[in-house]
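Architecture and fold: a report
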Amino acid sequence: MSLALIRRLFVAVPLFVLFLSGCAPNRVELPAYVPVSPSAGGSYMQRVFVLAPLADHRFRFFEYAPTGMMDTIGWGEGTGTLYTPQNIPGHVSKALVSQFRAYGMAVSYDPRIRCRIGGTPGHPAISVKGISTGLVLCGSILDYQFELDHPRVVFGFISTLDMAAGATLSAQASLHLFLVRARSGRILWSGVESSSRELRGVHPPHLKSQAVSYLDETLSRVLAKSARAMSGATE
């Protein structure tokens with residue numbers, strides 16, 4: 001057994017015991033989303049529209065039903081399940097508005113508007129309440145989560161987590177959006193955009209903060225795809 005491995009076990013075992021004891025809070029804060037600058041030469045839809053609060057359909061697989069895991073944001077081996085006290089649909093909705101505005105799109109956010117998404121995946125039906133005219137962007141969050149896995153150290157028949165070693169961080173984000181006429185509910189455009197990424201060798205400190213930042217970077221890719229797709233279909 002090498003001296004380096006002994007040192008790693010010396011660090012890993014107490015941290016693992018601390019994790020199991022529940023002494024460390026499994027909560028994480030979502031900082032305000034920072035929009036990414038648009039790429040040169042991009043052209044985006046200039047029509048005025050308003051975003052209704054996105055529904056939380058994570059883990060429901062196109063069932064158009066709310067999730068039962070409202071505050072779950074991530075998990076992983078040696079990490080456990082991570083929660084946030086903040087409202088995830090509100091965070092993602094505001095991120096969309098912030099990013100679309102950075103692209104020069106004329107979008108506002110009105111949390112009083114409600115979109116009811118029904119029908120089937122092949123034939124959705126949408127009704128809008130809280131606004132009588134204009135264009136409304138409705139939709140749902142299909143995926144928005146990260147996974148933070150710590151490696152294991154094996155010595156003989158003993159296996160424990162090495163909390164000080166580089167972890168593997170993955171993030172997934174997916175949105176299902178509909179641009180509709182408020183009065184009639186007619187769908188002018190719809191699309192599902194997703195992004196999934198993985199990063200190895202993530203080291204302390206502030207692993208949770210790194211994970212949240214990586215998740216929002218992944219979300220920014222989804223927002224970029226959505227803005228381009230919607231703009232290309234409606235201009």
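Okay, so let's go over this structure.

1. Let's talk about helix 2 (residues 88-102)
Between its terminal C-alpha atoms helix 2 stretches 21 Å, which fits the 21 Å expected from 15 residues at 1.5 Å a residue. For helix 2, the tally of buried residues reaches eleven of 15 residues, placing the bulk of the element in the interior. Among the residues of helix 2, I88, P89, G90, H91, V92, S93, A95, L96, V97, Q99 and F100 are the ones counted as buried. Near the N-terminus of helix 2, the side chain that reaches the backbone nitrogen of G90, with its oxygen 2.5 Å away, is that of N87. G104 sits one or two positions beyond helix 2 and adopts a positive phi of about 90°.

2. Describing the packing of aromatic side chains
Aromatic ring pairs are described here by two measures, namely the spacing of the ring centres and the angle between the planes. Within the structure shown, the criterion is met by one aromatic pair. Ring plane angle 10° and centroid distance 4.5 Å describe the contact between Y44 and Y103, whose orientation is recorded as stacked. Residue Y44 is found in the loop between helix 1 (3-21) and strand 1 (49-51), and its partner Y103 is found in the loop between helix 2 and strand 5 (107-109); the two are separated by 59 residues along the sequence. Accessibility assignment for this pair places Y44 and Y103 in one class, buried.

3. Here's the deal with the packing of helix 2 against helix 3 (residues 207-234)
Where helix 2 meets helix 3, the closest approach of the two axes is 10 Å, and the angle between their N-to-C directions is 55°. On the basis of the axis angle, helix 2 is oblique to helix 3. As for how helix 2 packs across helix 3, the hand of that crossing is right-handed. Here helix 2 contributes H91, V92, A95, L96, Q99 and F100 to the contact with helix 3, which in turn contributes D216, L219, L223, S226, A227 and M230. Considered class by class, the residues forming the contact of helix 2 with helix 3 number eight nonpolar, three polar and one charged.

4. Here's the deal with the side chain of T84
Within the secondary structure, T84 is located in the loop between strand 4 (82-83) and helix 2. Relative accessible area serves as the criterion here: at 1%, T84 is assigned to the buried category. In this structure the side chain of T84 is engaged in a polar contact, spanning 3.0 Å, whose partner is the backbone oxygen of V28. A distance of 3.2 Å separates a polar side-chain atom of T84 from the backbone nitrogen of Q86. The residues touching T84, leaving out its near neighbours within four places in the chain, are R27, V28, L30, D71 and I73.

Basis of the calculations
Residues numbered from 1 in each chain as written. Predicted model: local features only at pLDDT ≥ 70, side-chain atom pairs only at ≥ 80, totals over all residues. Heavy atoms only, no water. Helix = DSSP H or I, 4+ residues; strand = E, 2+ residues; numbered from the N terminus. Expected span 1.5 Å × (residues − 1). Buried < 20%, exposed > 50% of the residue type's maximum accessible area, 1.4 Å probe, protein only. Polar contact = N/O pair within 3.5 Å; in protein donor to acceptor, adjacent residues only side chain to side chain. Phe/Tyr/Trp six-rings, centres within 6.5 Å; stacked < 30°, edge-to-face > 60°. Axes fitted to C-alpha atoms, helices over the stretch in contact; angles between N-to-C directions. Parallel < 35°, antiparallel > 145°, perpendicular 65-115°, else oblique. Left-handed = near helix turned anticlockwise from the far one by under 90°. Contact = heavy atoms within 4.5 Å. Nonpolar A, V, L, I, M, F, W, Y, C, P; charged D, E, K, R; others polar.

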